[in-house]
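Here is what each chain is made of, one letter per residue.
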Amino acid sequence: MTDLRADAGGERAPGSAVPPAGRYGSTGTAAERDARTDRRLKAVGAVLGVLGLAVLAWIGFGYISSQKVSGEMIKFKVVSGRTVEVHVEVRKDAEIEGVCTLRALSSDGAEVGRKDVPFAAGEDRVDTVASVRTTTRATSAELMGCEPRGTEGH
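Residues numbered from 1 in each chain as written. Predicted model: local features only at pLDDT ≥ 70, side-chain atom pairs only at ≥ 80, totals over all residues. Heavy atoms only, no water.

Let us now look at the overall build of the chain. Helix and strand counts for the chain stand at two helices and six strands. Taken from the N to the C terminus, the helices and strands of the chain come in the order α-α-β-β-β-β-β-β. When each of the 154 residues of the chain is scored for burial, the buried share is 20%. Across the chain, the fraction of contacts at a sequence separation of at least 24, relative to all contacts at a separation of at least 6, is 59%. (Helix = DSSP H or I, 4+ residues; strand = E, 2+ residues; numbered from the N terminus. Buried < 20%, exposed > 50% of the residue type's maximum accessible area, 1.4 Å probe, protein only. Contact = heavy atoms within 4.5 Å.)

This paragraph deals with the pairing of strand β3 (residues 98–105). Counting buried positions along β3 yields seven of eight residues, so the element is predominantly enclosed. In terms of strand pairing, β3 meets strand β4 (residues 111–119) through eight bridges, oriented antiparallel. What sits directly across from Val-99, in β4, is Pro-118. (Pairing = 2+ DSSP bridges.)

Quick look at the sheet that holds β3 now. Taken in spatial order, the three strands of this open sheet run β4-β3-β6, and their pairing is antiparallel. One side of each edge strand has no neighbouring strand; the edge strands of this open sheet are β4 and β6 (140–148). Here the strands of the sheet are splayed against their neighbours by 20° on average, with no regard to which way each runs. Pairing geometry for β3 and β6, over eight bridges, is antiparallel. Directly across from Leu-105, in β6, lies its bridge partner Ser-140. (Axes fitted to C-alpha atoms, helices over the stretch in contact; angles between N-to-C directions.)

Keep in mind these numbers describe shape, not what the thing actually does.
Pasting the structure below:
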């Protein structure tokens, strides 16, 4: 039995290997389709990469600009079995006053001393050495953080 529609250029005959042109999407060889797909993926990847970098820059800028006080421990010196001297540098806006919290640690990591060191307004950089009294001999010191006056806990 012969399918007259296939002979007349109509619908595909059953068992025919080639579908009608344009019926199932784009035409072209497999290599051409792969090249188009690669270009699309590269374009999408580039757009997503640029958007990701923009979001990261925005978050970083927001974090840095919200920091009103920045402190750094320059060095420390164990003066005696009951005292540690800590050299701290604070960078801030000139009109801000606040406090930095220091702590001294024993060899097993336990806190053996703590001190809040205030800094006044008027300068944008404060360089100070603070003595932290300890309950036992300290082996290290650390700057817990600095914050403007009037924030939580100060």
